[in-house]
Amino acid sequence: MKEFFGKVIAASPFIEVILIFAAVVVAFFTYTHTKKVARKRATMDFILDTFLDEVGSDKYNRFKAILRRYDSDPDLDIKDLAEPSDNPETEEDRNAVFFQLNNYELVALGIHKNLFDEQFYKRWFHRQLTRDYRMTKELIEKIQNDSGPSKKLVYKEYSKLSKNWINNRLPGTNVPWYKKIWWSIWYNDEDMLVLLSQSKNSDDIS
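For the structure given in this document, a descriptive report is provided here. As the structure is a computational prediction, the values presented were derived from the model and not from experiment. Going along each chain's sequence as written, the residues are numbered from 1 onward. In keeping with the model being predicted, local features are shown solely for residues with a pLDDT of at least 70 and side-chain atom pairs are shown and tallied solely at 80 or more, while totals for entire chains, interfaces and linings include all residues. Side-chain metrics rest on all non-hydrogen atoms present in the structure, leaving aside hydrogens and water.

Description of the overall build of the protein chain
We count a stretch as a helix when DSSP gives it H or I for four or more residues in a row; a strand needs E for two or more, and each element gets its number in order from the N terminus. If you tally the helices and strands in the protein chain, you get 7 helices and 0 strands. The order of α-helices and β-strands along the protein chain, N terminus first, is α-α-α-α-α-α-α. Taking all 206 residues of the protein chain together, the buried fraction comes to 30%. We call two residues contacting when some pair of their heavy atoms lies within 4.5 Å. Restricting to contacts in the protein chain with at least 6 residues of sequence separation, those with at least 24 account for 71%. A 1.4 Å probe and the Shrake-Rupley method give the accessible areas. Residues count as covered only by the protein chains that appear here. Taken as a whole, the protein chain presents about 13800 Å² of accessible surface, with 59% of it coming from carbon and sulfur. We call a residue buried when its accessible area falls under 20% of the maximum for its residue type, exposed when it is over 50%, and partly exposed in between, using a 1.4 Å probe and counting protein chains only.

Description of the layout of surface pockets
The method is simple in principle: a probe with the dimensions of a water molecule rolls over the atoms, and the space it marks as empty is what remains. Grid points spaced at 1 Å and placed over the protein atoms alone form the basis of the search, with a cavity being a set where a 1.4 Å probe fits but cannot get out and a pocket an open set showing protein on both sides within 12 Å along at least five of seven lines. Lining residues have an atom within 4 Å of a point. Grid points are joined across faces, edges and corners, and a volume is the space filled by probe spheres set on the points. Of the volumes computed, that of the largest pocket is approximately 160 Å³. Together, L67, Y70, D71, L76, D77, I78, R134, M135, K137 and E138 line the largest pocket. Of all the elements in the fold, those that place two or more residues in the lining of the largest pocket are α2 (54-72) and α4 (118-146). Per-element accounting of the lining of the largest pocket gives the leading share, 4 residues, to α4.

What about the side chain of T136?
Assignment of secondary structure puts T136 in helix α4. On the accessibility criterion, T136 (0% relative accessible area) is buried. Aside from chain neighbours lying at most four places away, what touches T136 is F63, L67, L101 and Y158.

Details of the environment of R134
Here R134 is to be found in helix α4. Owing to a relative accessible area of 38%, R134 belongs among the partly exposed residues under this scheme. The sequence separation of R134 and I166 amounts to 32 residues, and the corresponding C-alpha distance is 9.7 Å.

Looking at α4
Compared with an ideal rise of 1.5 Å per residue, which puts 29 residues at 42 Å, α4 spans 31 Å between its outermost C-alpha atoms and falls more than 12% short. One axis fitted to the seven residues ending at a residue, another fitted to the seven starting there: the angle between these axes is the bend at that residue. Along its length, α4 shows its largest kink, about 75°, at F125. Whenever a nitrogen or oxygen atom comes within 3.5 Å of another N or O atom, the pair is scored as a polar contact, on the condition that within protein one atom can donate a hydrogen and the other can accept it, and that pairs from neighbouring residues in sequence are kept only if both atoms are in side chains. Measuring from the side-chain oxygen of the N-cap residue of α4 to the backbone nitrogen of Q119 gives 3.4 Å; that N-cap residue is D117. Here the expected span of a helix is defined as 1.5 Å times the quantity of residues minus one.

Focus: helix α3 (residues 88-112)
Counted at 1.5 Å a residue, the expected span for α3 with its 25 residues is 36 Å, and the 36 Å between its end C-alpha atoms agrees. Two or three places before E89, at the start of α3, stands the capping residue N87, its side-chain oxygen 2.9 Å from that residue's backbone nitrogen. Trailing α3 by a residue or two, N114 shows a phi angle of about 60°, which is positive.

Function cannot be inferred from these measures alone, as they are strictly geometric.
Here you go:
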């Protein structure tokens, strides 16, 4: 027994080092996990406040209706919204469009600064964000190119994020052929439904 305790005492500095190292590792992973949870919470709060409450939903629906009207009417040009208008209705359209674009720019900036969780937001709003970018791209480019050097940064983060998401679609969209065969053989319905849903969403914004 004395020999055993003697070995323990002799090894105690080594054991202490191991315990300290283990404590550091646990603290690091706890900190990392807490940051991820905080980012997801911040993302969720922003989504709820900006898009899913009654006021935010009404504003987005108006924005979407404006884009559809400008897209379907050959007499309307989305680029005309780049400058203020004397027409009250046109000015209301302009304000509604810029309000939503400002929200998207805030989202993109938050993702760029790691304040928001990109993958969480991407799975929820990939189709919406990229579709709206395609429909406002000419307007954004006109503002950036025709309004002086300082305007080149306008909606820069939103443009960058949208282009990145268009080029890098949702996970599951580009599933290897052998996985598709495997799922079809073993009737993995859940995986197949996810694949088909994501493929459809990506095709809709192509």
